[in-house]
Amino acid sequence: MIALNRHNILRVVGIGRGVRKVFALMESTMKEMRNGGDHSVVEEVKFGYGGGVEDVYGEDSATEDQLVTPWTVSVASGYTLLRDPRHNKGLSFNEKERDAHYLRGLLPPAEFTQDLQEKRLMHNLRQYDVPLHRYMALMDLQERNERLFYKLLIDNVEELLPVVYTPTVGEACQKYGSIFRRPQGLYISLKEKGKILEVLKNWPEKSIQVIVVTDGERILGLGDLGCQGMGIPVGKLSLYTALGGVRPSSCLPVTIDVGTNNEKLLKDEFYIGLRHKRATGQEYAELLDEFMRAAKQNYGEKVLIQFEDFANHNAFELLTRYRSTHLVFNDDIQGTASVVLAGLIAALKLVGGTLADHTFLFLGAGEAGTGIAELIALEISKQTKAPLEETRKKIWLVDSKGLIVSSRVESLQHFKKPWAHEHEPVKGLLDAVKAIKPTVLIGSSGVGQTFTKEVVEAMSSFNKKPLILALSNPTSQSECTAEEAYTWSKGRAIFASGSPFDPVEYDGKVFVPGQANNAYIFPGFGLGLIMSGAIRVHDDMLLAASEALAVQVAQENFDKGLIYPPFSNIRKISAHIAAKVAAKAYELGLASRLPQPKDLVKYAESCMYSPVYRSFR
């Protein structure tokens, strides 16, 4: 008698309305039986062709033309197979597969290639005039055919990125209760306090490498959306897979529901979250701490936990509290900072000088603004060997009360205090621009139309090429539009934004606005952490990611006024970022996956998930 393990247990296969019990044996076990080998141990394949890190299912451990078995809880067959998003191929099942997996009569007779399916879906998506309808159609596709969804997103990333992420995802979160169809992640509320570990075990996937978690208190620039903020973790993790190649089955979206202070949602009969005011203080801290401990206990030391869209007062505290004990990353603070720094490094080729030669003025002193400012100061310190306290003096911040100066230090929140420099009080942004005379103006305020004509004209009056970054999302909250920046600066501004804008024609010349989108950084950054087995995030990794992105900007991009590369090359960009991040992890002694691969770029590419259909036995 052989010893059955997890590769060859008794499976139950649903076929039509009946149930057929079969012994399903993996090929490796059959070979062992024939060769009289030891059946008690089957070596796990950790890395494979195009299959991501720790390919626990073995489905991509060999080349794409080799046959695989569509394992789920059972061998998926018939109607069950067509309802399994991981293995469903729709009309791409060939004649042999239709016979072998009881699909005869369940599909029309036509056989489509994956490329033809993609062409048809893109044609259908383009018929929708309302972006939210496109979003819903894509979410439906993700729930019925996972590989086709990711192939569609990878091949059409520039067109579909604004649909699956900002700005459309903001509207989706606002209306999440109305468009909710089936859960796409884990909802952990105050009701689950004391049993979060059990809740995590309810998730069907056991080998999780990336968790994106939000409490929904500060969704983009839209404020408190409570439980309906789930659209953000779902969207972010879709990009982890499409842009960074992280396997979908190793991604877990989580929403922590502690209530909402949004009165409109509390009165909405379709709201899907807890109907009470937000928990704060000890009750909130205890729930988050239980979640962090449970995640580490269930998924191990190397699970990456990305904090997303927490309010300022919690975002900084959570990052500070857990960065020394967990592998944590806050995209709003660190990811935004890294992508903006990359744009600034690239822009030096257009404006000249070094970072230390420039003066920076921020509108907005929250988690994004202070995070960007700190990373710029770190990079200047690294380049000039000057103390961090000294390099911070090149950077000024304006909040709702005016320029942050030393006379206000006693009333400032702790994360603003490092930016309180010696200067007389200044109330408004325009006055601050005139007083500081910055070469770089950065908006992270979450308030639209704050870069007025007077502000842009003032920037243009003492800068030949003013660098203006309007980073707030979604589009409605952008500090100014691309057209306004180019028109008011008479075509001299170098402009980038958080949300996408169409090209602008001014004075006979076409300007293509860049997008300082975090999607440039976090997918490759996460892949670098995973493939190196990093156990902590270090600021030097963020600097490495910024430098890796900046060098990807080609001369043809600069000629158009762009300071970021096109998203059409995003997987190549992500591989280079992942390689630099992993190299820094090895250099700092924070990598646990040994030995270090010789060619980290090629290794990163080999770890990336491929959405191409597999052939079934």
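Preceding this section is the structure that the text describes.
All values reported here derive from a predicted model rather than from experimental measurement.

A. Region of the structure containing the packing of aromatic side chains. The full count for this structure, using the stated rule, is 13 aromatic pairs. Judged by centre distance (6.0 Å) and plane angle (80°), the rings of Y150 and Y609 are edge-to-face. Residue Y150 is located in helix α6 (residues 146–155), and its partner Y609 is located in the segment after α25 (600–607); the two are separated by 459 residues in the primary sequence. The exposure classification of Y150 matches that of Y609, with both residues buried. Ring pairing ties together the aromatic residues Y486, F495, F501 and F511, which thus form one cluster. If you follow K89 out to its NZ or CZ, it ends over the ring of F616, 4.9 Å from the centre. R392 extends its terminal NZ or CZ atom over the ring of W419, reaching a point 5.7 Å from the ring centre.

B. How the structure looks around the side chain of E479. Note that E479 resides in the loop between β12 (467–470) and α20 (482–488). At 10 Å, R218 is the nearest oppositely charged side chain to E479, a buried residue that forms no salt bridge. Looking at E479, its side chain comes within polar contact range of the main-chain nitrogen of L471, at 3.3 Å.

C. Main features of the packing of helix α13 (residues 281–299) against helix α14 (residues 312–322). Two elements in contact, α13 and α14, have axes separated by 12 Å at closest approach and are oriented at 45°. Comparing the axis directions of α13 and α14 gives the class oblique. The hand of the α13/α14 crossing is right-handed. Together, Y284, A285, L288, D289 and M292 of α13 and N314, L318, R321 and Y322 of α14 make up the contact between the two elements.

D. Main features of the packing of helix α4 (residues 114–125) against α6. Where α4 contacts α6, the two axes come as close as 10 Å, and the packing angle between them is 70°. As far as their axial angle goes, α6 and α4 are roughly perpendicular. As α4 packs across α6, the resulting crossing turns out to be right-handed. Contact with α4, carried on its side by Q114, D115, Q117, E118, L121, M122 and L125, involves R147, L148, K151, L152 and D155 of α6 and no other residues of that element. Partitioning the contact of α4 with α6 into residue classes produces 5 nonpolar, 2 polar and 5 charged.

E. Structural detail: the sheet that holds strand β6 (residues 304–307). Strand order across the open sheet formed by 5 strands is β3-β5-β4-β6-β7, with parallel pairing between neighbours. The two strands at the open ends of the sheet, each matched to only one other strand, are β3 (186–189) and β7 (327–330). When the angles between neighbouring strand axes are averaged without regard to direction, this sheet yields 25°. As defined by bridge partners, β6 adjoins β7 across 4 bridges and the pair is classed as parallel. The residue bridging F307 from the neighbouring strand is N330, located in β7. The strands touched by helix α11 (residues 231–244) are β4 (210–214), β5 (251–257) and β6; relative to β5, the strand with the most contacts, the crossing angle is about 165°. Against the sheet, α14 makes contact with β6 and β7, and its axis sits at roughly 155° relative to β7, the strand it touches most.

F. Region of interest: empty space enclosed by the protein. One pass over the full model with this rule turns up 7 cavities of 30 Å³ or more. Taken as a whole, the largest cavity spans an internal volume of roughly 130 Å³. Lining the largest cavity are Y135, M136, M139, D140, E143, Y176, I179, F180, R181, R182 and Q184. Where the lining of the largest cavity is concerned, the elements lending two or more residues are α5 (131–144) and α9 (176–179). Tallying contributions element by element places α5 first for the lining of the largest cavity, with 5 residues. Of the residues belonging to the lining of the largest cavity, the class tally is 6 nonpolar, 1 polar and 4 charged. In this model, the second largest cavity occupies a volume close to 70 Å³. Lining of the second largest cavity is provided by 10 residues; of these, R86, H87, R147, R614 and F616 occupy positions nearest its centre. Along the lines of polarity and charge, the residues of the lining of the second largest cavity split into 3 nonpolar, 2 polar and 5 charged.

G. View of the nonpolar core. If you look at the biggest cluster of nonpolar residues, it comprises 124 residues, and the most contacted ones within it are Y135, L344, I376 and F525. If we skip the residues at most four places from it in the chain, L344 touches L355, F360, I376, V440, I442, L467 and L469. Membership of the second largest hydrophobic core comes to 36 residues, among which are L200, I208, Y284 and A294.

H. Spotlight on the environment of L403. Its place among the elements puts L403 in strand β10 (residues 402–403). For L403 and V426, which are 23 residues apart along the polypeptide, the C-alpha to C-alpha distance reads 5.3 Å. Discounting chain neighbours no more than four positions away, the residues touching L403 are L361, W396, L397, V398, R408, H423, V426, K427, A432 and I436.

I. Region of interest: the pattern of salt bridges. Here the structure, examined in full by the defined rule, presents 30 salt bridges. K175 is the salt-bridge partner of E171, the closest N and O atoms lying 2.8 Å from each other. Given a relative accessible area of 26%, E171 falls into the partly exposed group. For K175, a relative accessible area of 37% gives the class partly exposed. Of the charged contacts, one joins R323 and D539 as a salt bridge, the two residues approaching to 3.3 Å between their closest N and O atoms. In this pair, R323 is assigned in the loop between α14 and β7 and D539 in helix α22 (residues 539–550), connecting sequence segments 216 residues apart. One continuous salt-bridge network, built from bridges that share partners, spans D115, E118, K151 and D155.

J. Highlighting the sheet that holds β10. The strand order across the open sheet formed by 7 strands is β10-β9-β8-β11-β12-β13-β16, and the pairing between neighbours is mixed. Looking at strand neighbours, the two that pair on one side only are β10 and β16 (514–515), the edges of this open sheet. Pairing of strand β13 (residues 494–497) with β16, which is carried by 2 bridges, proceeds in the parallel orientation. Paired with S497 across the bridge in β16 is Q515.

K. A look at the environment of P204. Structurally, the position occupied by P204 is in the loop between α10 (196–202) and β4. Using a relative accessible area of 60% as the deciding quantity, one classes P204 as exposed. For P204 and S249, which are 45 residues apart along the polypeptide, the C-alpha to C-alpha distance reads 9.2 Å.

Here is what the cut-offs are and how they apply
Residues numbered from 1 in each chain as written. Predicted model: local features only at pLDDT ≥ 70, side-chain atom pairs only at ≥ 80, totals over all residues. Heavy atoms only, no water. Phe/Tyr/Trp six-rings, centres within 6.5 Å; stacked < 30°, edge-to-face > 60°. Helix = DSSP H or I, 4+ residues; strand = E, 2+ residues; numbered from the N terminus. Buried < 20%, exposed > 50% of the residue type's maximum accessible area, 1.4 Å probe, protein only. Lys NZ or Arg CZ within 6 Å of the ring centre and 35° of its normal. Lys, Arg positive; Asp, Glu negative; His and termini not counted. Salt bridge = Lys/Arg side-chain N within 4 Å of Asp/Glu carboxyl O. Polar contact = N/O pair within 3.5 Å; in protein donor to acceptor, adjacent residues only side chain to side chain. Axes fitted to C-alpha atoms, helices over the stretch in contact; angles between N-to-C directions. Parallel < 35°, antiparallel > 145°, perpendicular 65-115°, else oblique. Left-handed = near helix turned anticlockwise from the far one by under 90°. Contact = heavy atoms within 4.5 Å. Nonpolar A, V, L, I, M, F, W, Y, C, P; charged D, E, K, R; others polar. Pairing = 2+ DSSP bridges. 1 Å grid on protein atoms, 1.4 Å probe; cavity = no way out; pocket = protein on both sides within 12 Å on 5 of 7 lines; lining within 4 Å. Points joined across faces, edges and corners; volume = space filled by probe spheres on them. Core = buried A, V, L, I, M, F, W, Y, C linked by side-chain atoms within 4.5 Å.

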